[in-house]
Amino acid sequence: MHQLYINTIGCQMNVYDSDQIERALAPNGFARTDQLEEADLVIVNTCAIRAKAEQKAFSFVGRLAQLKQRKPGLIVGVGGCVAQQEGEKILARAPQVDLVFGPKAIPRLARLVERVRAKRLRVVDIEDSDGIEELDLSSGFRDDGQVARFVTVMQGCDNFCTYCVVPYVRGREASRHPDKILEEIRVLADGGVREVTLLGQNVNSYGRKENLGTFAELLARVNRIDGLARIRFTTSHPKDLSDGLIDAFGRLDKLCPHIHLPVQSGSDRVLKRMNRKYTRAVYLDRIARLRHVRPDMAITTDFIVGFPGETEEDFEETLGLLETVKFDGVFAFMYSDRSVAPASGFEGKIDEAQKKERLQRLLQQQEVFTLSSNRALIGCEQEVLVEGFSTRPGLAEENVSPRQWSGRTPGNKIVNFNPDPDCAGGDAVHPGLLVGVRIEKAYSHSLWGRPVRVEEEPGGYKGDTCHAA
Ligand code: SAH
Ligand code: SF4
Ligand code: F3S
């Protein structure tokens, strides 16, 4: 048995791809380890979205030079979006690297690694092809106890937002066949997975090119899979969030009332320069419709601050949007120049200090809304899918137990609770179980509560949740 260590940087798609890398290499006798020192093959699955992510990848690759000196047989592979972007240049820059492969080369990875191993060659595979080559999944998936997993339903992006590297490194949009997706989710559900998050850069256009049916239809089919309790998806682009998809939130019992709908800016002028193809008014209309269909809908978003040409007035419109929507949570990023993306040539670049200042103002203002949306759940019973023990125990003074269970609400908020022997089910709590938790405390990043009941049989729990509209 050979040891495989994977360092995953970047979005959920890379998390999924790293699992696929593991599966692709299982037939070659590789098993995943979390001990870097023990590895025979180290792969860094990279992200190119911002300069910082790229630097993180190169600094890790740099550290591997020393490891390779101590362990000359070590194979070093660089995969993911930086690999796709830089190709051969990585070999020139880092002599310790043996293999460079793009996201589309994962189904070919077993052969690539074999070439490196048997012939001691340095290999690059960043070939971009249309469509999707499916990985042979006969090796199954390793049951590592995770009860919530990602499943990629489409690759690539055709939107070309002017700041973004993704269309250049992930290629054109291509959707997986629904039968393949359903088969994969059934295997996961049979193995104990209760929640799946379907992934795509723009899930709204799922199946469009290939005539595979709509994303809402795919969701309806996933909803029928036995054993599965929850479905989420990300990311959806506001410009094509259809009424059909919005209505699915009212129709499908397993579809969680949470949507991540990246807005990027509250200023129409900036949105236009970003090539987002919607206005603030269209965005607000989509939010209103979502809340009409599901008043308990949790809404999160992404912002970029300091986009070239962003004025103080533009930025204030973004702050105004925060006030209007009152998001449950936001991710905000300082604009980062990506040389392949058109915005890198735009005028009016904002200096780093100003970007930082805007970022802090935005996050500070949002903090109030995040906290108040969490506080609105105090006193309510929330259905929590238990994922495992909390990684940040000891937050609340009520923690009587050294270890707390941790899971998420349908709205994707983290809830921690003490194992409570007095609760129905008592010590029987385990990952994968749906537990009704009465919320008692709210913090910025999590909630705390007491378990009041547990699911009697898989899929059977429907607690009486209450929500602040
Ligand atoms: N497909 C998704 C976004 C994927 S990238 C969508 O369109 O909604 C995730 C987030 O990274 C984006 O929403 C954006 O906020 C941020 N991002 C992308 N490119 C960036 C850049 N050049 N600088 C800063 N943030 C960026
Ligand atoms: Fe990037 Fe825009 Fe595509 Fe999202 S929709 S991946 S931001 S180009
Ligand atoms: Fe990064 Fe590639 Fe995802 S650039 S955000 S890992 S698609």
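As the structure is a computational prediction, the values presented were derived from the model and not from experiment. (Residues numbered from 1 in each chain as written. Chains lettered and ligands numbered in written order. Predicted model: local features only at pLDDT ≥ 70, side-chain atom pairs only at ≥ 80, totals over all residues. Heavy atoms only, no water.)

Visitor: Residues and numbers for the overall build of the protein chain, please.
Guide: Helix and strand counts for the protein chain come out as 13 helices and 19 strands. Relative to the globule expectation of 23 Å for 469 residues, the C-alpha radius of gyration of the protein chain, 23 Å, shows essentially globular dimensions. Taken along its principal axes, the extent of the C-alpha atoms in the protein chain is 65 × 55 × 50 Å. Sequence separation of at least 24 residues holds for 73% of the intrachain contacts in the protein chain that already meet a minimum separation of 6. Put simply, the protein chain shows about 20400 Å² of open surface, and 50% of that area lies on carbon and sulfur atoms. Distance between charge centres in the protein chain, computed from 63 positive and 66 negative side chains, equals 3 Å. (Helix = DSSP H or I, 4+ residues; strand = E, 2+ residues; numbered from the N terminus. Rg over C-alpha atoms; globule rule 2.2 N^0.38 Å. Contact = heavy atoms within 4.5 Å. Areas by Shrake-Rupley, 256 points an atom, 1.4 Å probe, with all protein chains shown as cover. Lys, Arg positive; Asp, Glu negative; His and termini not counted. Charge placed at Lys NZ, Arg CZ, Asp CG, Glu CD.)

Visitor: Residues and numbers for the pattern of salt bridges, please.
Guide: As a working rule, side chains carrying opposite charge can pair if their charged atoms are close by. In total, this model carries 41 salt bridges according to the counting rule given. Of the charged contacts in the structure, one is a salt bridge between Glu 114 and Arg 117, with a shortest N-O distance of 2.9 Å. In this pair, Glu 114 and Arg 117 both sit in helix α5 (residues 109–119), three residues apart, roughly one turn of the helix. Here Arg 294 makes a salt bridge to Asp 296, at a shortest N to O gap of 2.8 Å. Here Asp 296 falls in the buried class, since its relative accessible area comes to 17%. Through salt bridges with shared partners, a single network forms among Asp 19, Glu 22, Arg 32, Asp 144 and Arg 149. (Salt bridge = Lys/Arg side-chain N within 4 Å of Asp/Glu carboxyl O. Buried < 20%, exposed > 50% of the residue type's maximum accessible area, 1.4 Å probe, protein only.)

Visitor: Before we move on, can you summarise the site of ligand 3 with the specific residues and values?
Guide: In the vicinity of ligand 3, the contacting residues are Cys 11, Asn 14, Cys 47, Ala 48, Ile 49, Cys 81, Arg 170 and Gln 201. Its residues assigned to classes, the shell around ligand 3 comprises five nonpolar, two polar and one charged. (Near = heavy atom within 4 Å. Nonpolar A, V, L, I, M, F, W, Y, C, P; charged D, E, K, R; others polar.)

Visitor: Could you give an account of the sheet that holds strand β11 (residues 230–234), with specific residues and numbers?
Guide: Ordered in space as β7-β10-β11, the three strands form an open sheet in which the pairing is parallel. Single-partner strands in this sheet number two, and they are β7 (148–152) and β11. Averaged over neighbouring strand pairs, the angle between their axes works out to 25° when direction is ignored. Pairing geometry for β7 and strand β10 (residues 195–199), over five bridges, is parallel. Across the sheet, Phe 150 pairs through a bridge with Thr 197, a residue of β10. (Pairing = 2+ DSSP bridges. Axes fitted to C-alpha atoms, helices over the stretch in contact; angles between N-to-C directions.)

Visitor: Explain the packing of aromatic side chains to me, and be specific about the residues and the numbers.
Guide: For the structure shown, the criterion picks out 12 aromatic pairs. Judged by centre distance (5.7 Å) and plane angle (45°), the rings of Phe 233 and Phe 249 are tilted. In this pair, Phe 233 is assigned in strand β11 and Phe 249 in helix α9 (residues 243–251), connecting sequence segments 16 residues apart. Look at Phe 233 and you get buried, because its relative accessible area is 6%. According to the relative accessible area criterion, Phe 249 is buried, its value standing at 1%. Ring plane angle 90° and centroid distance 6.1 Å describe the contact between Phe 307 and Phe 346, whose orientation is recorded as edge-to-face. In this pair, Phe 307 is assigned in the loop between β13 (298–305) and α12 (312–325) and Phe 346 in the loop between β14 (329–334) and α13 (352–375), connecting sequence segments 39 residues apart. Put simply, the rings of Tyr 163, Phe 307, Tyr 335 and Phe 346 touch in pairs and so form one group of aromatic residues. The ring of Phe 333 has Arg 50 lying over it, and the distance from NZ or CZ to the ring centre is 3.8 Å. (Phe/Tyr/Trp six-rings, centres within 6.5 Å; stacked < 30°, edge-to-face > 60°. Lys NZ or Arg CZ within 6 Å of the ring centre and 35° of its normal.)

Visitor: Before we move on, can you summarise the pairing of strand β18 (residues 434–442) with the specific residues and values?
Guide: Examined bridge by bridge, strand β15 (residues 381–389) and β18 share five bridges and lie antiparallel to one another. When the bridges of β18 are listed, Leu 385 appears paired with Leu 434. Here seven bridges tie β18 to strand β19 (residues 447–454), and the two strands are oriented antiparallel to one another. Across the sheet, Val 437 pairs through a bridge with Pro 451, a residue of β19. Connecting β18 to the next strand, β19, in antiparallel fashion are four residues.

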